[in-house]
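Reading the structure
Listed here are the chains, written in short residue letters.
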Amino acid sequence: MRVLLADDQTIVRAGFRALLDLTDDLVVVAEAADGVEVVELTRTTRPDVVLMDIRMPRADGLQATRRIVTDRDLDEVRVLVLTTFEADEYVFEALRVGAAGFLLKDVEPDDLRDAIRTVAAGQSLLAPAVTRHVIEEFARLKTPRTEARARLEPLTGREREVLALVGRGLSNDEIGQRLIMSPLTAKTHVSRTMAKLGARDRAQLVVLAYETGLVRPGES
């Protein structure tokens, strides 16, 4: 799996490169020191995963992520955000603009490798500590965002049920068990829901499930 490192600190990039160079199935194809450079290098090297820092010069990691995920020529590229900041706004914005995962830089080496593999396989990923912050912030929202709720209109009743279960963190197998359908059928419903909502992955579905009020913190 091809990885692009994006961080404005040379020593951080060197550390990640040294770690990944010891991993047989991962290879670093390029390094970028700012947001503009990472977008340019992503277009020329076409990595499977971009390890993206949040705070960088010229364009920050959120701007760079948005440019990458909205480029149709880069549909296969996944962005995994790495940062030292747990501030909620970074989590929300990273997921809203299309990041497939969010990890803190103090992640253990094996967890980082597994995260890259998970994201490269097309799945979404959130650090457990960050997930807690996301849910807590949604719990503070008084009402669902009206514009987000309107996005649910194209969904069938079954697709709304599936979206709610994705929002609660259920896998395709668990959704199938809950709705009495095969895992393959559940996967099909999830894929259709993602297509109708314009979501890149399950992480964005989780955000939408809470933003629309379809799922509320504390509900069983």
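**With respect to the packing of helix α2 (residues 35–45) against helix α3 (residues 61–69)**
If you want to describe how two helices pack, look at the angle between their axes and the distance between the axes. Here α2 crosses α3 at 25°, and the two axes come no closer than 8 Å. When the interaxial angle is binned, α2 and α3 end up roughly parallel. Note that α2 runs across α3; the crossing there is right-handed. Contacts from Gly 35, Val 36, Val 38, Val 39 and Thr 42 of α2 reach α3 at Ala 64, Arg 67 and Ile 68. Within the contact of α2 with α3, the residues separate by chemical class into 5 nonpolar, 2 polar and 1 charged.

**Description of the pattern of salt bridges**
By the definition in use, this model includes 11 salt bridges. Between Asp 7 and Lys 105 there is a salt bridge; the shortest N-O distance is 2.7 Å. Within this pair, whereas Asp 7 is found in the loop between β1 (2–6) and α1 (10–21), its partner Lys 105 is found in the loop between β5 (101–104) and α5 (109–120), the two being separated by 98 residues in sequence. Ionic pairing is found between Glu 31 and Arg 17, a salt bridge with its closest N-O pair at 2.5 Å. Within this pair, whereas Glu 31 is found in strand β2 (residues 27–32), its partner Arg 17 is found in helix α1, the two being separated by 14 residues in sequence. Judged by relative accessible area, Arg 17 falls into the partly exposed class, the value being 27%. By sharing partners, the salt bridges in this structure join Asp 7, Asp 53 and Lys 105 into a single network.

**Remarks on the environment of Gly 98**
The topology assignment puts Gly 98 in the loop between α4 (88–97) and β5. Gly 98 sits in the buried class, given a relative accessible area of 1%. Residues Gly 98 and Arg 78, 20 residues apart in the sequence, show an inter-C-alpha distance of 8.7 Å. Not counting chain neighbours up to four residues away, the residues in contact with Gly 98 comprise Thr 65, Val 69, Arg 200, Asp 201 and Gln 204.

**Overview of helix α8 (residues 157–167)**
Note on helix geometry: an α-helix contains 3.6 residues per turn, so any two residues three or four positions apart are oriented the same way. Restricting attention to buried positions, one finds in α8 the residues Glu 159, Val 162, Leu 163, Ala 164, Leu 165, Val 166 and Gly 167. Against α9 (172–179), α10 (183–197) and α11 (202–211) lie the buried residues of α8. Of the residues trailing α8, Gly 169 is marked for its positive phi of about 90°.

**Notes on the pairing of β5**
Alternating positions in β5 separate into two faces, Gly 101 and Leu 103 on one and Phe 102 and Leu 104 on the other, with burial throughout. With 4 bridges joining them, strand β4 (residues 78–83) and β5 adopt parallel strand pairing. Bridge pairing in β5 places Leu 80 opposite Gly 101.

**Structural notes on the packing of α8 against α9**
It is the contact of α8 with α9, at a shortest axis distance of 10 Å, that shows an interaxial angle of 130°. The pairing of α8 with α9 is recorded here as oblique in orientation. With respect to the hand of their crossing, α8 and α9 are arranged in right-handed fashion. Residues Arg 158, Glu 161, Val 162, Leu 165 and Val 166 of α8 form the contact with α9, whose own contacting residues are Ile 175, Arg 178 and Leu 179. Partitioning the contact of α8 with α9 into residue classes produces 5 nonpolar, no polar and 3 charged.

Definitions and limits used
- Residues numbered from 1 in each chain as written.
- Predicted model: local features only at pLDDT ≥ 70, side-chain atom pairs only at ≥ 80, totals over all residues.
- Heavy atoms only, no water.
- Axes fitted to C-alpha atoms, helices over the stretch in contact; angles between N-to-C directions.
- Helix = DSSP H or I, 4+ residues; strand = E, 2+ residues; numbered from the N terminus.
- Parallel < 35°, antiparallel > 145°, perpendicular 65-115°, else oblique.
- Left-handed = near helix turned anticlockwise from the far one by under 90°.
- Contact = heavy atoms within 4.5 Å.
- Nonpolar A, V, L, I, M, F, W, Y, C, P; charged D, E, K, R; others polar.
- Salt bridge = Lys/Arg side-chain N within 4 Å of Asp/Glu carboxyl O.
- Buried < 20%, exposed > 50% of the residue type's maximum accessible area, 1.4 Å probe, protein only.
- Pairing = 2+ DSSP bridges.

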